[in-house]
Amino acid sequence: MPPTLAITAGALLIEAACGYPAGLFRLVGHPVTWVGALIAGLDRRLNEAHRPEAARRRRGVLALALLLAATVLPALLLQALSLALLPRPAAIAGLAVLASSLPASRSLHAHVRAVADALRDEGLAAGRAAVAHIVGRDTSVLDEAGVVRAAIESLAENFSDGVVAPALWCALLGLPGILAYKAINTADSMIGHRTPRHEAFGWAAARLDDWVNLPASRLAALWLTLAAGGQAGASVRIVRRDARAHRSPNAGWPEAAMAGALGLRLNGPRRYGTILREDAWTGDGRAEATPDALRQALRLYQRACAVQVVVVIGAALLF
């Protein structure tokens, strides 16, 4: 059996310490940008507006299959050859370095911290501009509490999608698993939208993304609850009561855990362009979130990342 837990532990530690080097990004880009370029090409070639909805849905399934073949098969070959030809420690280290490019704990922290810093240093307008980089809603109508809640919600959801899920699929399958997950998640973000162009073509990507994120969202809620310390009971209570009421089958779990741990109300009505969505509130705390609450959320997030690393390292040593 490939040492996938050791690869995952190494990848998480490398990414937490170094992130993805900016110089390397300028030189060769990033695996997600390569995947995105492939998805965009498949979208242009296969998603023809004149075709019937059923045909576009089939072509979306084909596009997803081609995407996974192009990402997973080379990773399978590389992992197998590395473990067969190199000394085991060297193979694990090399695969961990490659896998470390795919979790996003450092970049997520940086983007959310930028919102807190903008609110503190430059005021509401700067906070709105900063949070617009990480949410899809209309940020121009948000007050300070709305900016803070939007940032905390994005932090919780992306903890699941960008940190826990990549680690989970790497722990299960190694480099092919984490690459497959990132390909699916990137496809969902690019074509998994309910728009006239993508509702049929992106159907497979959106459904598969829901499924591969389902176990990770529950794990993310668990890590946040374990990191909540004295507020763990409140976190569990809000998860049990509110997680399934969320519009998303997965985002509600980490967001409920975060809301309970921080004593906040998250979600609720929000505007996307001209569309007002009357979403249910998550949590029963205060809705008037302050920039200090955002910094508390970032500290909770860091502790939850640490919980995940400790669990993965412990499992790697045990098994």
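Being a predicted model, the structure only gives us computed values, none of them experimental.

Asker: Got a sec to walk through helix α11 (residues 232–242)? Specific residues and values, please.
Answerer: Within α11, the full set of buried residues consists of Ser-235, Ile-238, Val-239 and Asp-242. Projected down its long axis, α11 shows its buried positions confined to an angular sector of 105°, all on one face. Every exposed residue of α11 that faces more than 90 degrees away from the buried side is listed here: Gly-233 and Arg-240.

Asker: Please give an account of a nonpolar patch on the surface that cites residues and values.
Answerer: Taken together, the side chains of Leu-24, Leu-27, Val-28 and Trp-34 make up a nonpolar region of the molecular surface, amounting to roughly 410 Å² of accessible area. Considering every element that reaches the nonpolar patch, the biggest residue donor is helix α2 (residues 22–28), with 3 residues. Mapped onto the fold, Leu-24 is located in helix α2. On the accessibility criterion, Leu-24 (35% relative accessible area) is partly exposed.

Asker: So what about helix α5 (residues 88–99)? Which residues, and what values?
Answerer: Taking 1.5 Å per residue, 12 residues should reach 16 Å; α5 reaches 16 Å between its end C-alpha atoms and fits that length. Those residues of α5 lying buried are Ala-91, Ile-92, Leu-95, Ala-96 and Ala-99. Along α5, the residues classed as buried sweep out an arc of 130° about the axis, all on the same side. Looking at the packing, one finds that the buried side of α5 touches α1 (4–18), α4 (53–85), α8 (144–173) and α9 (175–191).

Asker: An account of the packing of α8 against α9 is needed here, citing residue identities and associated values.
Answerer: Viewed as axis vectors pointing N to C, α8 and α9 meet at an angle of 145°, and their least axial separation amounts to 6 Å. The element α8 and its partner α9 pack so that their crossing is right-handed. Contact with α8, carried on its side by Asp-161, Ala-165, Pro-166, Trp-169, Cys-170 and Leu-173, involves Leu-175, Pro-176, Gly-177, Ile-178, Tyr-181, Lys-182 and Asn-185 of α9 and no other residues of that element.

Asker: Describe in detail the packing of aromatic side chains, supporting the description with residues and values.
Answerer: Summed over the entire model, instances satisfying the criterion amount to 1 aromatic pair. On the numbers, 5.6 Å between centres and 85° between planes, the contact of Phe-159 with Tyr-301 is edge-to-face. Of this pair, Phe-159 sits in helix α8 while Tyr-301 sits in helix α13 (residues 291–318); the two residues are 142 residues apart in sequence, bridging distant segments of the chain. For Phe-159, a relative accessible area of 0% puts it in the buried group. Here Tyr-301 falls in the buried class, since its relative accessible area comes to 2%. When the ring centre of Trp-203 is taken as origin, the NZ or CZ atom of Arg-57, which lies over that ring, is 4.5 Å away. Positioned above the aromatic ring of Trp-281 is the side chain of Arg-265, whose terminal nitrogen or guanidinium carbon lies 4.4 Å from the ring centre.

Reading the values: the criteria
Residues numbered from 1 in each chain as written. Predicted model: local features only at pLDDT ≥ 70, side-chain atom pairs only at ≥ 80, totals over all residues. Heavy atoms only, no water. Buried < 20%, exposed > 50% of the residue type's maximum accessible area, 1.4 Å probe, protein only. Helix = DSSP H or I, 4+ residues; strand = E, 2+ residues; numbered from the N terminus. Arc of directions from axis to C-beta. Patch = residues over 30% accessible without salt bridge, like charges linked within 9 Å, V, L, I, M, F, W, Y side chains within 5 Å. Areas by Shrake-Rupley, 256 points an atom, 1.4 Å probe, with all protein chains shown as cover. Salt bridge = Lys/Arg side-chain N within 4 Å of Asp/Glu carboxyl O. Expected span 1.5 Å × (residues − 1). Contact = heavy atoms within 4.5 Å. Axes fitted to C-alpha atoms, helices over the stretch in contact; angles between N-to-C directions. Left-handed = near helix turned anticlockwise from the far one by under 90°. Phe/Tyr/Trp six-rings, centres within 6.5 Å; stacked < 30°, edge-to-face > 60°. Lys NZ or Arg CZ within 6 Å of the ring centre and 35° of its normal.

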